[in-house]
Amino acid sequence: MNSATIVLGTDQNNALLTSIEKLQADRNPISTLYQSRKEIGDRIHQDFLRVVQRFADLEIEFHPIEARVASIDKQGIGYAVETNDGSEIFADIVVLATGHFPSQNFPDLIDCDGFIESAWDWERLQSIPVGKRVGLLGMGPTAVDAALVLSEHGHKEVHALSRTGLMQYPRPRHSSATLSVISEDLLRSLADAFGGLTVDMLIALAAAEFNKYPGSWGRIQQAFIDSSKPPVQSLRRGYARSDDIEDWFSVLIALERLVPLVWSLLRESHRKKFAKLFRSVSNLAYGMAPPQALRVLEMLDEGRLTTRGGLRNVRFDETNSCFLAEFATVKKSKLDVERFDVVIDCSGLGRDLSRAPWLFVEPMIQNGLLYPAEYGGAHVDFRSGQVTDKAGRAIAEIYCLAGSLTIGSHFVTNGLSKVARTAHQSAMKIHEKMDFLTATTRPWSEIKAVINEEVGEAT
């Protein structure tokens, strides 16, 4: 049997990202530069089918199996993968491409009637009866998606609730920025010289990088101020500038790609401070697509969406079968309360492996194949995705793509671009360990050339 993993040339690593964002520095109307979720999903689906067809053309067996993985155990030089229907598969290498699981920040509500644990379950969202008072717990991109879905299915009033009361700032156009101050070598040298990176070091380096682009430091500071305003003001100001090419955003995108390395080099005592700082700028770094921002603005203006900050707690009132959201008031000793028929958890990504919905996680932890990380997920090498022990030593030929499993090592895991990048890195690492001249009847160089030509933009 022939077997191989498809890896494209590094020049095509960002092809999927280009397809998703389409942010070329031309002057087309901003509304034409983004694709809908359906368009992106259809594109990925078609690319996947083309790769599967190439498997057949290259006489590589492909076996899709519809089942849940119950356990992954070490067996000889490989791994026994057992599914929930009792079947077993032997693998030399395992890649865990499980994505994220919901945050589960509201464990006391999980079994309550009317609580939707996963905002990604669009079928459940679409089944909510029109007229029910719906509260979204969170105001990030997941909450925005949920609000748009509910609006499309006839809901005339949706309420988004969060601690800060802030939404993502509309992202401007950007070009490709080349960092001239910060480099991976510089970060490693500083970490070696000073016993790890500090937040103050990173702020100074970032300021120097932005100052290489005239006016960028001042413009990002203004954008940060604008993003901290109530959603109507923030979205309106950001959308007005979204057709401009902003150097500050180009630099921000380039710096974001260094986050996994920075996270690995930080002094342990500075990690919480860095996480807090990163959260404060995340509304800029992961800005809302302008067409989506315009739709949200329309919902806010028409009263179909309301937002409220100061959320402190949500509890279920069994007597009245409803949810009570509690908010801070000017008088610290008093809380304001709002009632909701349905609440949807849109508060973020799952981190705690003890709450992961995947059956194989607990057995892997017990068998020493996964080590939970302090900041969530498991210990993995942030470059290759290979699972490691707490000291960073590789412990198995098991790899994790960006998602809840890697959140404690990558720190930033949301977005298709992260998945595409980690998939490429893991695949390249795997291929370094495989001898294609003996594992396949055709040389790897020939297989790769055919795939690069036929598949093109698939990642």
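Residues numbered from 1 in each chain as written. Predicted model: local features only at pLDDT ≥ 70, side-chain atom pairs only at ≥ 80, totals over all residues. Heavy atoms only, no water.

Asks: It is not clear to me how a positive patch on the surface should be interpreted in this structure. Could you clarify?
Replies: On the surface, a cluster of positive charge is made up of Arg163, Lys276, Arg279, Arg312 and Arg351. Here Arg351 shows up in the loop between strand 12 (342-345) and helix 13 (361-366). (Patch = residues over 30% accessible without salt bridge, like charges linked within 9 Å, V, L, I, M, F, W, Y side chains within 5 Å. Areas by Shrake-Rupley, 256 points an atom, 1.4 Å probe, with all protein chains shown as cover. Salt bridge = Lys/Arg side-chain N within 4 Å of Asp/Glu carboxyl O. Lys, Arg positive; Asp, Glu negative; His and termini not counted. Charge placed at Lys NZ, Arg CZ, Asp CG, Glu CD. Helix = DSSP H or I, 4+ residues; strand = E, 2+ residues; numbered from the N terminus.)

Asks: What exactly am I supposed to notice about the sheet that holds strand 14 (residues 394-400) here?
Replies: Paired through backbone hydrogen bonds, the strands of a sheet run either parallel or antiparallel to each other. Ordered by their spatial adjacency, three strands build an open sheet running 4-14-13, and the pairing between neighbours is mixed. At either margin of the open sheet sits one strand with a lone partner, and together these are strand 4 (94-96) and strand 13 (386-388). For this sheet the average axis-to-axis angle between neighbouring strands, irrespective of direction, equals 50°. Examined bridge by bridge, strand 4 and strand 14 share three bridges and lie parallel to one another. Note on strand 14: the bridge partner recorded for Val95 is Tyr399. The sheet contacts of helix 15 (residues 416-432) involve strand 4, strand 13 and strand 14, and relative to strand 14 the element is tilted by about 135°. (Pairing = 2+ DSSP bridges. Axes fitted to C-alpha atoms, helices over the stretch in contact; angles between N-to-C directions. Contact = heavy atoms within 4.5 Å.)

Asks: How do you make sense of the pattern of salt bridges when you look at a structure like this?
Replies: Once the charged atoms of two side chains with opposite charge are near each other, the side chains can pair. On inspection of all chains with the given rule, the structure shows 21 salt bridges. One salt bridge connects Arg188 with Glu184, and the closest N-O pair in it is separated by 3.6 Å. Of the two residues, Arg188 and Glu184 are both situated in helix 5 (residues 184-194); the distance of four residues between them amounts to about one turn of the helix. What makes Arg188 partly exposed here is its relative accessible area of 31%. For Asp341, the salt bridge goes to Arg339, with nearest N and O atoms at 2.9 Å. Given a relative accessible area of 42%, Arg339 falls into the partly exposed group. (Buried < 20%, exposed > 50% of the residue type's maximum accessible area, 1.4 Å probe, protein only.)

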